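# Per-entry structural report
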Amino acid sequence: MAFTININGQMHQVDVDGDTPLLWVLRDVLGMTGTKFGCGAALCGACTVHIDGVATRSCITSVDSLDKSVVTTIEAIGATPAGAKIQKAWLDQEVPQCGYCQSGQIMSASALLASNAHPSDSDIDDAMSGNICRCGTYVRIREAIKLASNA
Amino acid sequence: MKHDRTALLASETNLSRRHFLVASAAAGGGLMLSLSLPFGESEAAGETFTPNAFIRIDSDGQVVLTMPYVEMGQGTYTSIPMLIADELEVNLKQVKLEHAPANEKLYANPLLGVQATGNSNAMRGAWKPLREAGAAARAMLVAAAAKRWSVDANSCHAQDGEVVHAPSSKRLKYGELAADAAKLPVPTNVAVKAAGDFKLIGTPAKRLDISGKVNGSAMFGIDARPPGVKFATLAQSPTFGGRVKNVDDTAAKAVKGVRQIVRLDDAVAVVADHMGAAKKGLEALKIEWDDGEHGGLDTGEVARQLEEATLKPGVVAQTIGDADKAVAGAATKVEATYHMPFLAHATMEPMNCTAHFRKDECELWLGTQAIARVQAFAAKAAGLPVEKVIVHNHLLGGGFGRRLEADIAVRAVEIAKQVDGPVKVVWTREEDIQHDLYRPYWFDRISAGLDQAGKLVAWHRRFAGSSVIARWLPPGFKDGLDPDSTEGAIDLVYGIPNFHVEYTRVEPPGIPTGFWRSVGPSHNVFVVESFIDELAAAAKEDPVAFRRAMLDKNPRAKAVLDLVAEKSGWGTPLPKGRGRGVSLQFAFGSWQAQVAEVEVSPKDGSVRVHRVTCAMDCGTVVNPNTVQAQLQSGIMFGTTAALYGEITLKNGRVEQTNFDTYQILRINEAPTVDVHLVASSEPPGGMGETGTSAVVPAIANAVFAATGKRLRKMPVDSNVLKQGA
C-alpha cells in the first residue's frame, strides 16, 4: 500500500506493507543509507532518527504509524541548531572510530541537546545508554556532548 | 603502468566519491577519500608520477596515496599517510586517499605475507617501507628539479609539495615535476629522516576519515547500491554442519516485495525489494533442518575435551631450566585452572556483502580486512578465475578480526549465482551472532613454586584450544605450534628461572573459530596476569611490588608498571567494596600496564568498573590522537568481554541471539580511562588490540582485591560475588 512520508522536509511516496519498518524504507526504498541497521530490535540505537523531534528507533517503527509525522535523519540533522553543534563537537573531539554507530549516536545526542541545553552526566547516561558503540567511543561521546552544550 | 581492474570505477563508487566530495566540502577541508578513483587520464598522457604502488602525483599536483591497510576505526587512514607525507614533504591536506585493490604482490603486509589488516601490525609493517616509499619519491622529485635547473641535487630541498633551490630561490611544484620525475630510475637505499626531523610523525593529526562519519555520507559495505540491487537475508543451519531438509516457502512468497527464495545446502535466503520484505519473508519460511553430527553439542562438552587434553603433555612452546623439578621442590606450590569462553565479534555493521554474478565475472561490494582472501574465496565459489572477481572495498563498520574472514563473500556469491542482477545479502543480528567464527574457548592448567622468601622460582603451564592460524594461514602452524596461540604465554616480561609452557591444539567439534581483537594475548595475558596475582597473594606481597621484583632485565616493562602505579594512585585507600587490580603485558611489540578500579555490589554481585589507568610504551607514537583513542577503545572492548562476553551452545545451537543476550558495554557503564604514553624513539609497536587483553586481568584482579574472590573463568559471574555466596 502507498504511504506518503515527510522526511527531512520532503514528501516521499512509497509502496510497501504498512508494517515495514521505517529503517528499510529509508535505506533500501529511498536510498538514504546514513541511517544504519544494527539489531532490528531497538537494542543498539544505530537506526535512530527523529520523529517530530523525538529520538526514535526506526527499526521498530512501522511506516503506517507515521501518519503526518516529520522524520529527520542524519542526512539533515546538521540543518538544526542542536545537530550542527553536535556534529561540530564530534569532529572537534574526533569521536568516530569505525563510525558505523555514529549516525545513531549523533541523532540521540542532538535530540538530547535540543531538549536540554546543559545536560548533566546522568542526563547523558539516560539519553545515550540506548546507543551501543562497539569501538567504545563513550569517553569522547560524553566529552563532545559537554563541548556542544557549552558552544 | 597497468592497474588491476578492481581500481576501475563502478557506478556505485561514483556515488561513493560524490559522497566524499560532499563530505569534505562540508568540513571545509581539502581532503577527500575517493573509494576507487581510477588511476586517471593524466597517466595515459604520461604526466603522472607513480614511483611505487602507494604514491601517485598527477601533473595538477594532486598527491594520491593508496592505502594498503583498511580503515575500521583504528585511524590507519591518518597514521599511514603521515609516514608517507612526512618523507614526501607534503602536508596531510594535500593528499587524497584510495583503498588498495586486491593485489598481494603490491599490498601484502610484510609481517603477515598476505594482504590483510590485523594483529595490530599495520604500523609495524609500514614503518620502514612506507617512509622509504615517500623518501624515494621525494628524492626523484628533487633530482628532476635539479636536472631542470642544472644544479646539484644536494643544493635543493623539498618542502610543502615543492622543490626549492635556496641559493637562487627557484621553486617548482611537485605537479610541474611529475612528468620528469616519472622518467627517472627509482633509487634504492634512500635514507629516511632521523626522529628529530619528523614534521608530522609524533604530532597529533586530525583524522582524515571522519567527516563523512558525522553526516551519514561515509560509505560502508552495507551502503553499496549498485543499480538494480535487490535485498536478501538468510537463515543458516542453526547447528554447525547441519543441512536444509525441507522448505515450505508458500507463505514467504506471498509477502509483498518478496521476489525469490534461494535454497542452498545449509541455508535459505529470501530475496526482496527491500530488507523489510526479506526479513518478513524469512520469518514466514518453514524450514526443517537436519541437525547433522553436532546437533547434540554443548559448551560443557567442549570444555571437557579441552580439560582432558591438558592432562597429557602438549607441544613444548618454551622451556627454561627444570620447571617440574623446581615446582616439586618449592617451599610453596600454587595451582589453578582457567577457562576462557567463546566470544562473538558483534561488529556494529552486521555481516553483509553485495554480489553481482555474471556469466564470466563476478563483482563484490563489502568492507573487508582481507581483500585478496575475499577475492580468492569468492572466485572459488563462483567457479571463476581470480582475476574475474572484482572486489570493491569500503570503510568497515568494525573489524575486530571478523572481517578477516571470507565466509560472507562466499555466501553472497552462492546466493548471487541464483539471482539475476546484483543482490545485497545482509545478515540479521541474530545470524551475525549465531554464525560467527568465534574467539576460541581455552582451558589452562598451571602450577608454580615460590621459594622460602616468596620469590617465584618455577612456572609450569599447559593449555589447550583451537589454533586459528592453522586454518587461516596454514604455513604459520608448524610442529604443533603457531605464533598467535603462544603470544603472551612465552617470553614473559618476568625473569623466572624455571619456566615451561606446553600447548595442545584441540579444535572444538564443528565450531568455527577466528581471530578476535587481541587474539592470542586475549587469552594468555588473562591467564598469566591472573596467576601472577595469585602468586603475589600466596607470597603475601603487594601485586605491583611482586611484579616489579622480576623486571630487572626489562626496563621498559618496569617503566610502564611504575608509571601506572603512580598515575592510578596505587596503594592509596579506597572506599569499602572497591578494589584495584594491575596487569602488565608485552604484546604486539608494545609494553603496557593497567590498573582497573572496580566496585562489587554485595547485594547482587554486579561489578562496576569505575576507572582504568593505562601506561603505554609503544615506541614512536605516530599519531598521539589515534593511540589515545585506540587504548580507550580497546579497554571498553575488553571490559565488555570481562563483564558480559560469553557464547554458549546447547543442543548444537548458539544460545545468544542479539544485544539483549550478548551484551555490550553501554555509556552509563563505561569507566573513565586515563592513558599515559611513554615518550620513545624506538620503532612503533602495535596498539590497536593491546588495551583489550590487558584490561581483562586487571578487572579480575581488582575484583579479588575488592572481595577476596578469584575469577578463574570469564566472564565475571555475579552469583559467586554476592555476599554470602
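Model, not experiment: these values are computed from the prediction.

### Considering the packing of aromatic side chains
Residues and elements named next belong to chain B.
- Applying the stated criterion across every chain, the model contains 14 aromatic pairs over all chains.
- On the numbers, 5.6 Å between centres and 80 degrees between planes, the contact of Trp472 with Phe515 is edge-to-face. Highlighted residues: Trp472 in helix H14 (residues 468–472) and Phe515 in the loop between strand S21 (498–505) and helix H15 (519–538), separated in sequence by 43 residues.
- Between Trp516 and Phe637, the aromatic rings sit 5.0 Å apart at their centres with planes inclined by 50 degrees, giving tilted as the arrangement. Highlighted residues: Trp516 in the loop between S21 and H15 and Phe637 in helix H18 (residues 624–643), separated in sequence by 121 residues.

### A closer look at the environment of Ala181(B)
Residues and elements named next belong to chain B.
- Here Ala181 shows up in helix H6 (residues 174–182).
- Of the residues examined, Ala181 reaches a relative accessible area of 0% and is grouped as buried.
- Linking Ala181 and Ala133, residues 48 residues apart in sequence, is a C-alpha distance of 14 Å.
- Discounting chain neighbours no more than four positions away, the residues touching Ala181 are Phe49, Met140, Leu141 and Ala144.

### Regarding the interface of chain A and chain B
- In this complex, chain A contributes 52 residues to the contact, which on the side of chain B involves 62 residues.
- Both faces considered, chain A and chain B share a buried interface measuring about 4,700 Å² in area, 58% of it formed by carbon and sulfur atoms.
- The largest per-residue losses of area from chain A upon contact with chain B belong to Glu94(A), Gln97(A) and Arg134(A), which jointly make up 18% of the total buried on that side.
- Summed over the shared surface of chain A and chain B, the number is five salt bridges.
- With a shortest N-O distance of 3.0 Å, Arg27(A) and Asp223(B) are connected by a salt bridge.
- Linking chain A to chain B there are 29 residue pairs in polar contact (both at pLDDT 80 or more).
- For the side of chain A that touches chain B, the secondary structure elements donating two or more residues are helix H1 (22–29), helix H2 (81–92), helix H3 (102–115), helix H4 (121–128) and helix H5 (138–149) of chain A.
- The biggest single contributor to the side of chain A that touches chain B is H5(A), with five residues.

### Comments concerning the environment of Lys280(B)
- As for its position among the elements, Lys280(B) is in helix H8 (residues 275–284).
- The class of Lys280(B) is partly exposed, set by a relative accessible area of 28%.
- What Lys280(B) contacts, discounting residues up to four positions off in sequence, is Asp17(A), Asp19(A) and Val255(B).

### Notes on the pairing of strand S11 (residues 267–272) of chain B
All names here are of chain B.
- Counting buried positions over the six residues of S11 gives six, a clear majority of the element.
- Of the two faces of S11, the one lined by Ala267, Ala269 and Val271 and the one lined by Val268, Val270 and Ala272 are each fully buried.
- Strand direction decides the pairing type here: strand S8 (residues 230–236) and S11, joined by six bridges, are antiparallel. Counted as the bridge partner of Leu234 is Ala269 from S11.
- Pairing geometry for strand S10 (residues 258–263) and S11, over five bridges, is antiparallel.

Definitions and limits used
- Residues numbered from 1 in each chain as written.
- Chains lettered and ligands numbered in written order.
- Predicted model: local features only at pLDDT ≥ 70, side-chain atom pairs only at ≥ 80, totals over all residues.
- Heavy atoms only, no water.
- Phe/Tyr/Trp six-rings, centres within 6.5 Å; stacked < 30°, edge-to-face > 60°.
- Helix = DSSP H or I, 4+ residues; strand = E, 2+ residues; numbered from the N terminus.
- Buried < 20%, exposed > 50% of the residue type's maximum accessible area, 1.4 Å probe, protein only.
- Contact = heavy atoms within 4.5 Å.
- Buried area = accessible area lost by both parts, 1.4 Å probe.
- Salt bridge = Lys/Arg side-chain N within 4 Å of Asp/Glu carboxyl O.
- Polar contact = N/O pair within 3.5 Å; in protein donor to acceptor, adjacent residues only side chain to side chain.
- Pairing = 2+ DSSP bridges.

Function cannot be inferred from these measures alone, as they are strictly geometric.
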